[in-house]
Amino acid sequence: EVQLQASGGGLVQAGGSLRLTCLASGFDFDDYAIGWFRQAPGKEREGAACINSGDAKAYYMDSVKGRFTISRDNAKGAVYLQMTSLKPEDTGVYYCAAERWLCPTAGSRGDKMELWGKGTQVTVSS
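Given the structure is predicted, the values throughout are model-derived calculations rather than measurements.

Conventions used here
- Residues numbered from 1 in each chain as written.
- Predicted model: local features only at pLDDT ≥ 70, side-chain atom pairs only at ≥ 80, totals over all residues.
- Heavy atoms only, no water.
- Helix = DSSP H or I, 4+ residues; strand = E, 2+ residues; numbered from the N terminus.
- Buried < 20%, exposed > 50% of the residue type's maximum accessible area, 1.4 Å probe, protein only.
- Pairing = 2+ DSSP bridges.
- Contact = heavy atoms within 4.5 Å.
- Disulfide = S-S within 2.5 Å.
- Phe/Tyr/Trp six-rings, centres within 6.5 Å; stacked < 30°, edge-to-face > 60°.
- Lys NZ or Arg CZ within 6 Å of the ring centre and 35° of its normal.

(A) Up close: unusual backbone geometry. Unlike most non-glycine residues, Ala56 shows phi in positive territory, near 55 degrees. Within the element layout of this structure, Ala56 appears in the loop between strand 5 (46-51) and strand 6 (58-60). Note on Ala56: relative accessible area 36%, which makes it partly exposed. One non-glycine residue with positive phi stands out, namely Ser85, at about 50 degrees. Relative to the elements of secondary structure, Ser85 occurs in the loop between strand 8 (78-83) and strand 9 (92-100). Relative accessible area serves as the criterion here: at 40%, Ser85 is assigned to the partly exposed category.

(B) Just the pairing of strand 4 (residues 32-39), in detail. Burial analysis of strand 4 places seven of its eight residues in the buried class, the great majority of the element. Direction of pairing for strand 4 relative to strand 9: antiparallel, over a ladder of eight bridges. Paired with Trp36 across the strands is Cys96, a residue of strand 9. As paired strands, strand 4 and strand 5 are joined by five bridges and run antiparallel to one another.

(C) Summary view of the environment of Ala106. Summarising the element assignment, Ala106 is placed in the loop between strand 9 and strand 10 (115-116). Expressed as a C-alpha distance, the spacing of Ala106 and Ser63, which sit 43 residues apart in the sequence, is 11 Å. With near-sequence residues (within four places) excluded, Ala106 lies in contact with Gly47, Tyr59, Tyr60 and Met61.

(D) Summary view of the state of the cysteines. Under the definition given, this model contains two disulfides. The side chain of Cys22 participates in a disulfide bridge whose partner is Cys96; the two sulfur atoms lie 2.1 Å from each other. Residues Cys22 and Cys96 share a disulfide whose torsion about the S-S bond is about 75 degrees; that sign makes it right-handed. Pair noted here: Cys22 is in strand 3 (residues 18-25) and Cys96 is in strand 9, with a separation of 74 residues, a long-range link. An identical accessibility class is assigned to Cys22 and Cys96; each is buried. One disulfide bridge connects Cys50 with Cys103, the sulfur atoms lying 2.1 Å from each other. Judged by the sign of its S-S torsion, about -90 degrees, the bond between Cys50 and Cys103 is left-handed.

(E) Focus on the packing of aromatic side chains. Applying the stated criterion across every chain, the model contains four aromatic pairs. Aromatic side chains Tyr95 and Trp116 sit 6.3 Å apart centroid to centroid with 80 degrees between the ring planes, which places their arrangement in the edge-to-face category. Linking Tyr95 in strand 9 with Trp116 in strand 10, this pair joins segments that are 21 residues apart in sequence. For Trp116, a relative accessible area of 28% gives the class partly exposed. One aromatic cluster is present, formed by Phe27, Phe29 and Tyr32 through successive ring pairs. For Arg19, the ring lying beneath its charged end belongs to Tyr80, and the centroid distance is 4.2 Å. Over the ring of Phe29 we find Arg72, and its NZ or CZ is 4.6 Å from the ring centre.

This is the structure:
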């Protein structure tokens, strides 16, 4: 079956780090851009980071640049989001999502992403 599974969320103090993992199965993972989208209570979903297929170019919304790093391992069907220097405003449910070839605009809602995982909760305490 086609699925994306996000894991690695948890509770961390401000300034701490977390590493999220998105595992893909059931589709041609190598041909898809994979993005991490987050949604905090009362706020719109936003694309924190995304990595293209092919050139593996990475994109980040401004508020996470320099703190988050997205990477992919096609052999494992995995995309990672290494988050450092976490802030309370990073709190939210983080979803991984797939779209063929190219990432959407950084920070966007990613409404045209084709496949979504269930998400993992990240909570950063102040």
